[in-house]
Amino acid sequence: MKILRLALALAALGCCAQEPKYIGAGGCSGSNCHGGTAPLAEKDSRIQGNEYAIWSLNDKHSRAYKVLAEPRSKRMAEILHIGNPQTDTRCTVCHAVGSPERSKSDGVACEACHGPAERWLGPHTQANSHAASIAAGMIDTKMPRVRAATCLGCHLGTKDKVVDHELIAAGHPDLNFELDTFGAAQPAHYREIKPQEGNTLPRVRVWAVGQAAALGAGMRLLAARAGRHWPEFAELECYQCHHELRLDSWRIQRGYGNRRPGSLQANLARTEVVRVLAAHAAPEQKAALDGALNGVASTISNRLNDGAAIAQAANRAAQQADLLVARFEKQDFTAAQAREIAAALAAEINRIANAGVNAAEVATMSLDSLAAAITGNSPAAQSAMTPLYDYLEHPSAYQPGTFVTLFRKAVTAAN
C-alpha cells in the first residue's frame, strides 16, 4: 500500500507531466528477473522467469526492425520515396515500438506491450506491487480489453500509426487482426488463465472481447479518417475493386443486393463475425448494433463524399462496440455456448464469405479460437483448420463457394 500511495502522490504533484521513457529490453534481461534460461515452476513463481529468452529467440516481434532491411521493405521505401525505412518514423513507429533510440534494433520489445518502464521498473520488483506499477504507467495486459487496445495500436493503427491505402499499394500487408489467434501464435511468455467459476472458457472470453474491441477501434479510426482526410481506401473492402470483371467473377454472379453496382463498401472484416457473436451472446444488443453498422454501410455507399456523416455513423457504431466489450469481459462462455456460436458461424458462412476474403479470414481465425477452446487444441481440430488457412494464402483466387465448403468441414471437426 505504501508503494501505491507513493505512486499516486507523485502523479498528483505533477511530476509525471513528461512522457515516461523506454528503458529497453536489456532492462528486463537479468537472470534473477526475466532473463532465465528455463521456466520456473508455477508453484515457485507467478512468472516464468525466461520471458526475455522467449522474446529474443522465438518471438517475431524481436525481428520487426530487421524486417525493414529486407528487399521487400527497401522496395516499398523506394516507391514511397523513403530514404531508409529503419530510420523513418513512418515505419519505426510500429516496427521499433518499445525500444529506445539507442536500441531500435531490438524491434518491438517488452515495453511496447507493457508500457514505458522508466517509472515502474523498480517498484514492480517488490511484492504485491502490481497496483502501484499500473499507477506508475505499466499496461495491465491481464485485462483483455487493455490487451486488445494495446495490440490494435499497431495491428490496426491509430492517427499516429498509419497503414493507409498508399502504404498497402506500395506492398505493406493489409491489417487484419484477431486477438486470441494472434496471442496463441505468439510464443507464450506468461501463465495461461485457468478456467474458473464465472470464466469457464477464458480463451472464448478473450476472443469475444477482442472481436468487440477491434470493431470499436476500427470504427473510431474510420471516424478519425473520415473527419480528416477522406476517402481513405484502406477503410474500404479491397477486393471490391481489385477483382476480375469477367462474367464468371463471383461478385458479378452474387450481385449487389440493395447496393448500387459500383458503390463502395466498408471493410466488412470488422463487422460480420461480430454480428453473429452479438446475436448469440448479447441478443438484446443485436438490434442496436445492426442498426449502427447498417448506418455506416449505408452512409459510405450512398454518401461517400460526406466525411462528417460517415464519422458520425462510425462513432455511433463504436459506442455499440464499447457496450459489447463491457459485457463480454464479465460474461461466462461455456463449451455449449461456444459450440452454439461456431454453429451459428457455419449457418451464416455464406453471407460472411460473400463479404469478401478479409471477412472470411476473420471467420477462420474465430473458428480456430473457438475450436481450440472447445477441444483443448486437439490435433484433429488443428488439422481441420489448415486447409482454410492455406486457401486464404491466395486472396486473388478466392471463391466464396470453395471457402464455405472448407469452413463447414472444419466446423464439424471442431465439435
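This text goes with the structure placed above it.
What counts as what
Residues numbered from 1 in each chain as written. Predicted model: local features only at pLDDT ≥ 70, side-chain atom pairs only at ≥ 80, totals over all residues. Heavy atoms only, no water. Phe/Tyr/Trp six-rings, centres within 6.5 Å; stacked < 30°, edge-to-face > 60°. Helix = DSSP H or I, 4+ residues; strand = E, 2+ residues; numbered from the N terminus. Buried < 20%, exposed > 50% of the residue type's maximum accessible area, 1.4 Å probe, protein only. Lys NZ or Arg CZ within 6 Å of the ring centre and 35° of its normal. Core = buried A, V, L, I, M, F, W, Y, C linked by side-chain atoms within 4.5 Å. Expected span 1.5 Å × (residues − 1). Arc of directions from axis to C-beta. Contact = heavy atoms within 4.5 Å.

Asker: Break down the packing of aromatic side chains for me, with residues and values.
Answerer: This model, assessed by the stated rule, comprises seven aromatic pairs. With a centroid separation of 5.6 Å and 50° between ring planes, the pair formed by tyrosine 52 and tryptophan 55 is classed as tilted. With a gap of three residues between them, tyrosine 52 and tryptophan 55 both fall in helix H2 (residues 51-58), about one helical turn apart. Taken together, a centroid distance of 6.1 Å and an interplanar angle of 50° make the contact between tyrosine 398 and phenylalanine 403 tilted. The burial state of tyrosine 398 is the same as that of phenylalanine 403; both residues are buried. Among the aromatic residues, those joined into a ring-pair cluster are Trp250, Tyr391, Tyr398, Phe403 and Phe407. Sitting over the face of the ring of tyrosine 256, arginine 254 holds its NZ or CZ atom 5.6 Å from the ring centroid.

Asker: Give me the nonpolar core: which residues, what numbers.
Answerer: Membership of the largest hydrophobic core comes to 84 residues, with the highest contact counts inside it found for Met219, Phe328, Leu367, Tyr398, Phe403 and Phe407. It is helix H11 (residues 202-228) that provides the largest number of residues to this core, a total of 14 residues. Membership of the second largest hydrophobic core comes to twelve residues, among which are Tyr65, Val163, Leu167 and Leu175.

Asker: Break down unusual backbone geometry for me, citing the residues and quoting the values.
Answerer: The peptide bond linking tryptophan 230 to proline 231 adopts the cis configuration, its omega dihedral lying at 5°. Structurally, proline 231 can be placed in the loop between H11 and helix H12 (250-254). Notably, asparagine 128 is not glycine yet its phi reads approximately 55°, a positive angle. Phi at asparagine 377 is positive, roughly 60°, even though this residue is not glycine. By the element assignment, asparagine 377 lies in the loop between helix H18 (357-375) and helix H19 (379-392).

Asker: So, helix H20 (residues 400-414): which residues are in play, and what are the values?
Answerer: For H20, spanning 15 residues, the distance from its first C-alpha to its last is 21 Å, which sits close to the expected 21 Å at 1.5 Å a residue. When we look at burial in H20, the residues that qualify are Pro400, Phe403, Val404, Phe407, Ala410, Val411 and Ala414. Buried positions in H20, seen along its axis, are confined to an arc of 130° and lie on one side of it. Those residues of H20 that are exposed and angled more than 90 degrees off the buried face are Lys409 and Thr412. Looking at the packing, one finds that the buried side of H20 touches H12, helix H16 (335-347), helix H17 (349-354), H18 and H19.

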